[in-house]
Amino acid sequence: MTGILKQPGAFAITPHKVSLCILLKIYAPPAQISVPFPFSSVSQHNRLGLFLLALTKSCDDILEPKLDELINQLRLVSQNWEASWLIDQLISRLSSLSSPDDLFNFFTDIRGILGGPDTGAIEDDQVILDANSNLGLFLRRCVLAFNLLPFEGVCHLLTNLGIYCKEEFSSCPPYEETSLDGSSSNLETYSEYENMDLENFVYEKVSEEIEARKEASERVPFHLHTPNALLSLVDDINVAADSASKQTDKVRVASPYEDPPSNMIQDIDSSGAVFLRSNWQVQGYLQEQADTIEKNGSAISLNGFEIILRQLQKLAPELHRVHFLSYLNGLSHDDYSAALENLHCYFDYSAGNEGFDFIPPAGGNSFGRYEIALLCLGMMHFHFGHPKLALEVLTEAVRVSQQHSNDTCLAYTLAAISNLLFENGISSTAGILGSSYSPFTSMGISLSVQQQLFVLLRGSLKRAENLKLKRLLASNHLAMAKFDLTHVQRPLLSFGPKSSLKLSTCPVNVCKELRLSSHLISDFSSESSAMTIDGAFSTTWLRNLQKPRGSLILCQENGSGNSSNVSQFCAQPTSIPGSVLQVLGSSYILRATAWELYGSTPMARINALVHTTCFADASSSSDAALAYVKLIQHLAVFKGYKEAFSALKIAEDKFLSVSKSQILLLKLQLLHEHALHRGHLKLAQKLCDELGVLASPVTGVDMELKTEASLRHARTLLAAKQFREAASVAHSLFCMCYKYNLQVENASVLLLLAEIHKKSGNAVLGLPYALASLSFCISFNLDLLKASATLTLAELWLSLGSSHATRALNLVHGAFPIILGHGGLELRSRAYIVEAKCYLCDTNFNVFEDSNLVIDSLRQASQELQLLEFHELAAEAFYLMAMIYDKLGQLEEREEAASSFQEHILALNNPQDPNDPLVSIY
Amino acid sequence: MEEDELVDADFYLLAKSYFDCREYKRAAHVLRDQIGRKSVFLRSYALYLAGEKRKEEEMIELDGPLGKSDAMNQELVSIERELSTLRKNGTVDPFCLYLYGLVLKQKGNENLARTVLVESVNSYPWNWNAWTELQSLCTTVDILNSLNLSSHWMKDFFLASTYQELRMYSESLTKYEYLLGTFGFSNYIQAQIAKAQYSLREFDQVEAIFEELLRTDPYRVEDMDMYSNVLYAKECFSALSYLAHRVFMTDKYRPESCCIIGNYYSLKGQHEKSVVYFRRALKLNKNYLSAWTLMGHEFVEMKNTPAAVDAYRRAVDIDPCDYRAWYGLGQAYEMMGMPFYALHYFKKSVFLQPNDSRLWIAMAQCYETDQLRMLDEAIKCYRRASNCNDREAIALHQLAKLHSELGRPEEAAFYYRKDLERMESEERDGPNMVEALLYLAKYYKSQKRFEEAEVYCTRLLDYTGPERETAKNLLRGMRSTQSSLPPTDVDHFTP
């Protein structure tokens, strides 16, 4: 059922290995004196030895060099005439292998250069290969591989040898002349695939080569770029030796489907599927692609990758993970039907037994692990925005994994369900979850959705802890923190008197969960060596594809002293796995969000900054974009729109490819805000509608976006002084938020309602809303919003008459610390204006004595509002200023303030400013 | 001149003999300088076959580290080059065109291949191989209709066969019956008719046709697996064993033979042995669709669901239109307690075969499972099933039951009555009958339509068991209410 794949390390004898054997034979000819014939000194002899050592080490390479490359390298390693002697020998011996019998004889001969087990008895100056040395082992493996070949295999080797030699002869017939000419003509053929500086390099190289010959210098061979350039060249030249050649053609034909700008594909094209050989390498490649897709799916082109996968599938029909990759590919490109088909196909074939590394193999379970299929299917439906279907499937997953007692899968499934419940508004789960999982339904108690969510989260958390699934544990902690952030803690079963109820969120809990989640990193760094996943080695190897070749020649320069360079590319990865970093990164994002809600903007900013600086590489592109969004929002609130928009430009360039992106959302938000402030209401409404369109039409999906859109809609209506409509929009929004348990959003909706009533002149009606909002804010610890609500409350009191001025003033002063510490430009200036108004209304206030108090506040406010281009409030501030100056009799200042007032009023009434650069953005 | 032709003919004969001995390269070599039409075709065809032979050998020799090599027929390029120049010069004959089409198809140039094959069959219609190649290139009805074929009776054969392939069974059947008028004694047409009838699930007719076929053509192995399927479905043990023995003696290493033996063992309940034979059939022909599906069934019987899923999935990958395999997949997942997951497969299956009541019933049962309880969907499926000739009459009964469960007495009564009518017409009896009668009696009683209720109650009295007592009680209850009612009311109820 599962793949009948050959052993990972299958060592096949190839023409290149035959050449190496020939060179080895030259290096250690049987029965020779200490320095064999062509070499003039021991060091020269040793240099060839090191070269061979490097070559044998890279023999498990993805692609093998062709004969002409080998010859070039030989030329670089050895001296002039001995090089040509070597090459002469190599080619003549290769071409003398013309019948199967020659091959048999050759491999029998070669055995002679190996020392027997009794190496000690051999004379000192005889060169002999220790059978256990690297070179000896290589030789033995070659001989063994040859002996294992059936006759057909020998025939194929012979044919391949013929091709191997023929290519060399055809590319440079008179090989005495510089063979680089041959390769440069080759290069021209393929130049379309390479960049310019490579060509330059080759010409440079030629001249250098000529000089080098004259001087017989030792510097040239260590030219660092040589192997790289050769390698990238080779990538596009057919490897004639085996079946890969035809494939290259196919992939190249496929290139029109690929997106030119994405150089991802270039990578795949050249180093990926085409030359992958062993099972492990393919697995590693697939793993790497999966990581890339997870990080930033749209970076890989749908068709290009699909073609490669199809090729792979043709070559390896039993490697089912290919189907999984095409599922991922479909998923990341929103191709529903392809994703669905491939998912089913993958699990039908593999029964969930292939490719899930994080699960220890279950002993004796021969029934397959189809619950994983359900889990994946559920997540897929979730991704495509089908919460109902997803819930249905995940419930089945819960049932099946309970049935098969697969606790790991159960933990993941529960996490997925809670995630689903969290992200999507589902007003009732009755009958879906209850029956099979929740322990409460058996007691006949129905729980609200959020209580159920809480139970689920707790269950999942506990399970993850017991099963030591660290990554899951960390993300569960994050989910828990998220839950704590937005939901009031309520006892699950309320027996007895209700007085003990503490109705508030608990910031300490949030903090605790966040801390717990980032403990993960210390766990991982201590045990990372044990975490190598099958195929991961090949993956890192692939990543360093360019490096090994570089170090291969490099090590000869430093002689034996620096052989670590060679082994460097064999070293295991010691860094923390990317997925862990990703979880950590999102914990910082969550921290930023938490602080944002709790009202500490500096902290929010710092956490977002930490994410962008430390986790930019590891995090998924949507996370990274989110961090940018937070930073830009911060800029807009504190520095005004000009700076925010210029930052937005940068972010847009950076996250061009992110689909359904937060960046687009942010752009709309900022533009809307800006349009509102400038009084450009038509534009504002248009932007607001566009924001609403981004959300999915399915009920319960994209709740956040929908709330945001209708909140903005209400605000636009308010700005247009259509109070009735605004109020009705806000009301329906409140109902929706209530239905889907969006309590935090409710606080701001209530505040908006209070604002609407205040603006419409119904202060008495506004008061209860403001108070309700205030109490929401208190129970959810939303400090900044609370300050803003307090401000609105003060304004409402103030509008009830001057007798309430003191009360209002006290309220404003109470809120001042948080507003000045954390509030944005708008909030601060609003507070200043309200304060000034309070003073002015207060009958005890003497304008002549304390005028500075008021004037200072108002000046501050007007400055900040000008930065924001908030014309309405700015006009108000200047109006107040003008009135005060008038009272004080300072006519000059009065005129100045009055003209500013006039300016703002005009701007407000005539919002279309053709000179405005920001308008052109949209 | 004449001598030359004679010499040429000698070359041709020599080459033909080599060709018949399967020495393709040798045959091609003999004909290397010949330019006669026959010689050119024979040479190219021999080369093509030599390439195919080598390709298959290489596939075994060179199974790369990933399990499969992409060996290719090395001769394709040269053959294509030669034939395309011939075609351009206009000196190509229909057989070379056929070969050209074959080569083009292998190289993936399907459109040109189609044109070339059409040219070939139009100029020489009696080359059935060309027709079959053309058929494999007609994957949709639109493609089929777009072909520009000149009319000939071979075209009818082609159309009939292609209709079959496109699952247009009744069209195919009419075509074959028409052809049977001309070719009255054709075994081939008989077998094809049997195939179409089989797809339409007319097993009795299929059996009759095959009996006739075996009489006229006793050593036939072709298509006999279908006959065995019919015998299996009808549970004819001895006939199936006789057939198995017969094909075994004729040629045991035919995939069909192995399949028939596998069917026999399956019918005997020896599933391990039957899997062995299906495996052998698959070894002989890796793409033998029905063997994969049947093997899947065996694994299901053996409760080895993962293996069953694997087998079914392979069948689906060979032919994505094989509704049996999709159905099997669904069944396997349902067995594993994953009804929701199974639904995906059932949906596929009913999409491909929307007129098969069994598939609809399976899907309905899936919706009905305890885990899902999506009864409304189940009702929709049952309704479809009852509309398409539900032989076992499960759908009506289930519909009635579901409606009564959902508290819709009117609908429930409607379906019970329908079910009852059907049982009466088919003269079946059993617990379903009792259940229907009892429900109807109670229903009419609650509707105060006592006369009808009485009819059903009296019918119930014919049965033994607790229902009889219930019926008696009901009758008694009705009589007492009726007698207590004022006479006007009674008049009101009696029409």
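Computed from a prediction, not measured in an experiment: that's the story for all the values here.

## Things to note about the overall build of chain A
Here is step 1 of the chain: Helices and strands together make up the secondary structure of chain A, namely 43 helices and zero strands.
Here is step 2 of the chain: Within chain A, the proportion of its 922 residues that are buried is 53%.
Here is step 3 of the chain: Taking contacts inside chain A between residues at least 6 apart in sequence as the whole, the part at least 24 apart equals 69%.
Here is step 4 of the chain: Total accessible area on chain A stands at roughly 40700 Å², and carbon and sulfur atoms take up 55% of it.

## Focus on the overall build of chain B
Here is step 1 of the chain: If you tally the helices and strands in chain B, you get 28 helices and zero strands.
Here is step 2 of the chain: Looking at chain B as a whole, 49% of its 495 residues qualify as buried.
Here is step 3 of the chain: Counting contacts in chain B only where the partners sit at least 6 residues apart, residues at least 24 apart contribute 50% of the total.
Here is step 4 of the chain: By element, 51% of the accessible surface of chain B is carried by carbon and sulfur atoms, the whole surface being about 24900 Å².

## Looking at the pattern of salt bridges
Here is step 1 of the chain: In total, this model carries 45 salt bridges over all chains according to the counting rule given.
Here is step 2 of the chain: Linking Asp348 of chain A and Arg313 of chain B is a salt bridge whose minimum nitrogen-to-oxygen distance equals 2.8 Å. Note that Asp348 of chain A is positioned in helix H16 (residues 336-350) and Arg313 of chain B in helix H18 (residues 305-318), a pairing that runs across two chains. Comparing Asp348 of chain A with Arg313 of chain B shows no difference in burial state: the two are buried.

## Here we look at the packing of helix H35 (residues 743-759) of chain A against helix H36 (residues 763-780) of chain A
All names here are of chain A.
Here is step 1 of the chain: At a minimum axis distance of 8 Å, the contact between H35 and H36 shows a crossing angle of 160°. Classified by the interaxial angle, the pair formed by H35 and H36 is roughly antiparallel. Of the two elements, H35 crosses H36, and the hand of that crossing is left-handed. For the pair H35 and H36, contact is made by Gln743, Val744, Asn746, Ala747, Leu750, Leu751, Leu753, Ala754 and His757 and by Ala763, Leu765, Gly766, Tyr769, Ala770, Ala772, Ser773, Phe776, Cys777 and Phe780, respectively.
Here is step 2 of the chain: Class assignment for the residues of the contact of H35 with H36 results in 14 nonpolar, five polar and no charged.

## So, the nonpolar core
When a protein is soluble and globular, its nonpolar side chains tend to lie buried together.
Here is step 1 of the chain: By size, the foremost hydrophobic cluster in this structure holds 137 residues, and its most contacted members are Leu286 and Met380 of chain A together with Tyr333 and Tyr341 of chain B.
Here is step 2 of the chain: With ten residues, helix H25 (residues 431-446) of chain B is the largest single contributor of residues to this core.
Here is step 3 of the chain: Counting residues in each nonpolar core, the second largest holds 81 residues, with Tyr45, Val92, Leu240 and Leu267 of chain B among its members.

## Observations concerning the UniProt feature "repeat: TPR" (unreviewed entry) in chain B
Residues and elements named next belong to chain B.
Here is step 1 of the chain: Taking the UniProt record as the reference, the feature "repeat: TPR" (unreviewed entry) is found at residues 255-288, 289-322 and 323-356.
Here is step 2 of the chain: Secondary structure content for residues 255-288 is 79% helix and 0% strand, and the end C-alpha separation is 8 Å.
Here is step 3 of the chain: This span, residues 323-356, is 79% helix and 0% strand, and a straight line between its end C-alpha atoms measures 10 Å.

## A short note on the packing of aromatic side chains
Here is step 1 of the chain: Evaluated as defined, the whole model comprises 39 aromatic pairs over all chains.
Here is step 2 of the chain: For the pair Tyr333 of chain B and Tyr341 of chain B, a centre-to-centre distance of 4.8 Å together with 70° between the ring planes defines the contact as edge-to-face.
Here is step 3 of the chain: With a relative accessible area of 0%, Tyr333 of chain B lands in the buried category.
Here is step 4 of the chain: Three or more aromatic residues joined by ring pairs make a cluster, and in this case those are Phe19, Tyr24, Phe41, Tyr45, Tyr48, Phe95, Tyr124 and Trp126 of chain B.
Here is step 5 of the chain: Sitting over the face of the ring of Tyr588 of chain A, Arg591 of chain A holds its NZ or CZ atom 4.7 Å from the ring centroid.
Here is step 6 of the chain: Over the ring of Trp797 of chain A we find Arg807 of chain A; its NZ or CZ atom is 4.1 Å from the centre of that ring.

## Quick look at the side chain of Asp223 of chain B
Residue and element names in this part refer to chain B.
Here is step 1 of the chain: Among the structural elements, Asp223 can be located in the loop between helix H12 (203-216) and helix H13 (224-233).
Here is step 2 of the chain: Residue classification places Asp223 among the buried positions, given a relative accessible area of 12%.
Here is step 3 of the chain: Engagement of the side chain of Asp223 in a polar contact is seen with the side chain of Arg220, the distance being 3.2 Å.
Here is step 4 of the chain: What Asp223 contacts, discounting residues up to four positions off in sequence, is Ala191, Gln192, Lys195 and Phe210.

## A short note on the side chain of Ser587 of chain A
Here is step 1 of the chain: Tracing the backbone through its elements, the reader meets Ser587 of chain A in helix H27 (residues 578-598).
Here is step 2 of the chain: If sequence neighbours within four positions are ignored, Ser587 of chain A has contacts with Leu478, Leu514, Ser517 and Ser518 of chain A.

## Quick word on the environment of Ala290 of chain A
Here is step 1 of the chain: Tracing the chain through its elements places Ala290 of chain A in helix H13 (residues 279-296).
Here is step 2 of the chain: Ala290 of chain A sits 39 residues away from Asn329 of chain A along the chain, and the two C-alpha atoms are 8.6 Å apart.

## Examining a nonpolar patch on the surface
All names here are of chain A.
Here is step 1 of the chain: There is a patch of nonpolar side chains on the surface, built from Trp595, Met603 and Ile606 and spanning about 260 Å² of accessible area.
Here is step 2 of the chain: Tracing the sequence through the fold places Ile606 in helix H28 (residues 601-614).
Here is step 3 of the chain: The class for Ile606 is partly exposed, based on a relative accessible area of 46%.

## Quick look at the confidence of the model for chain B
Residues and elements named next belong to chain B.
Here is step 1 of the chain: Model confidence for chain B is summarised by a mean pLDDT of 87, while 94% of its residues fall at 70 or above.
Here is step 2 of the chain: Every residue in residues 487-495 is under pLDDT 50, and counting partners more than four places away or in other chains gives four contacts.
Here is step 3 of the chain: Two numbers describe this predicted complex: its pTM, 0.69, and its ipTM, 0.75.

## Quick notes on unusual backbone geometry
Here is step 1 of the chain: Of note in the backbone geometry, Lys721 of chain A takes a positive phi value of approximately 65° without being a glycine.
Here is step 2 of the chain: Position of Lys721 of chain A relative to the elements: it lies in the loop between helix H33 (703-719) and helix H34 (723-739).
Here is step 3 of the chain: Here the phi dihedral of Arg22 of chain B falls at roughly 65°; this positive angle occurs in a residue that is not glycine.
Here is step 4 of the chain: Positionally, Arg22 of chain B belongs in the loop between helix H1 (2-20) and helix H2 (24-30).

## Focus: H35 of chain A
An α-helix turns once per 3.6 residues; consequently, residues spaced three or four apart project the same way.
Here is step 1 of the chain: Taking 1.5 Å of rise per residue, 17 residues should cover 24 Å, and H35 of chain A covers 24 Å from first to last C-alpha, within 8% of that figure.
Here is step 2 of the chain: The first or second residue beyond H35 of chain A is Gly761 of chain A, which carries a positive phi of 90°.

## Details of the environment of Thr216 of chain B
Here is step 1 of the chain: Take Thr216 of chain B: it is sitting in helix H12.
Here is step 2 of the chain: A polar side-chain atom of Thr216 of chain B sits 3.5 Å from a polar atom in the side chain of Asn187 of chain B.

## Considering the confidence of the model for chain A
Residue and element names in this part refer to chain A.
Here is step 1 of the chain: In this model, chain A carries an average pLDDT of 71, and 68% of its residues clear a pLDDT of 70 or more.
Here is step 2 of the chain: Within chain A, helix H25 (residues 546-557) has the poorest average pLDDT of any element, 32, and helix H37 (residues 783-799) the best, 90.
Here is step 3 of the chain: Ignoring residues within four places in sequence, the model shows residues 1-9, a span with pLDDT below 50, making 21 contacts including any to other chains.
Here is step 4 of the chain: Taken together, the stretch residues 492-501 has pLDDT below 50 and engages in eight contacts with residues farther than four places along the chain or on a different chain.

Rules of the game
Residues numbered from 1 in each chain as written. Chains lettered and ligands numbered in written order. Predicted model: local features only at pLDDT ≥ 70, side-chain atom pairs only at ≥ 80, totals over all residues. Heavy atoms only, no water. Helix = DSSP H or I, 4+ residues; strand = E, 2+ residues; numbered from the N terminus. Buried < 20%, exposed > 50% of the residue type's maximum accessible area, 1.4 Å probe, protein only. Contact = heavy atoms within 4.5 Å. Areas by Shrake-Rupley, 256 points an atom, 1.4 Å probe, with all protein chains shown as cover. Salt bridge = Lys/Arg side-chain N within 4 Å of Asp/Glu carboxyl O. Axes fitted to C-alpha atoms, helices over the stretch in contact; angles between N-to-C directions. Parallel < 35°, antiparallel > 145°, perpendicular 65-115°, else oblique. Left-handed = near helix turned anticlockwise from the far one by under 90°. Nonpolar A, V, L, I, M, F, W, Y, C, P; charged D, E, K, R; others polar. Core = buried A, V, L, I, M, F, W, Y, C linked by side-chain atoms within 4.5 Å. UniProt positions renumbered as here; feature names shortened; annotations may be inferred. Phe/Tyr/Trp six-rings, centres within 6.5 Å; stacked < 30°, edge-to-face > 60°. Lys NZ or Arg CZ within 6 Å of the ring centre and 35° of its normal. Polar contact = N/O pair within 3.5 Å; in protein donor to acceptor, adjacent residues only side chain to side chain. Patch = residues over 30% accessible without salt bridge, like charges linked within 9 Å, V, L, I, M, F, W, Y side chains within 5 Å. pLDDT = per-residue confidence, 0-100. Expected span 1.5 Å × (residues − 1).

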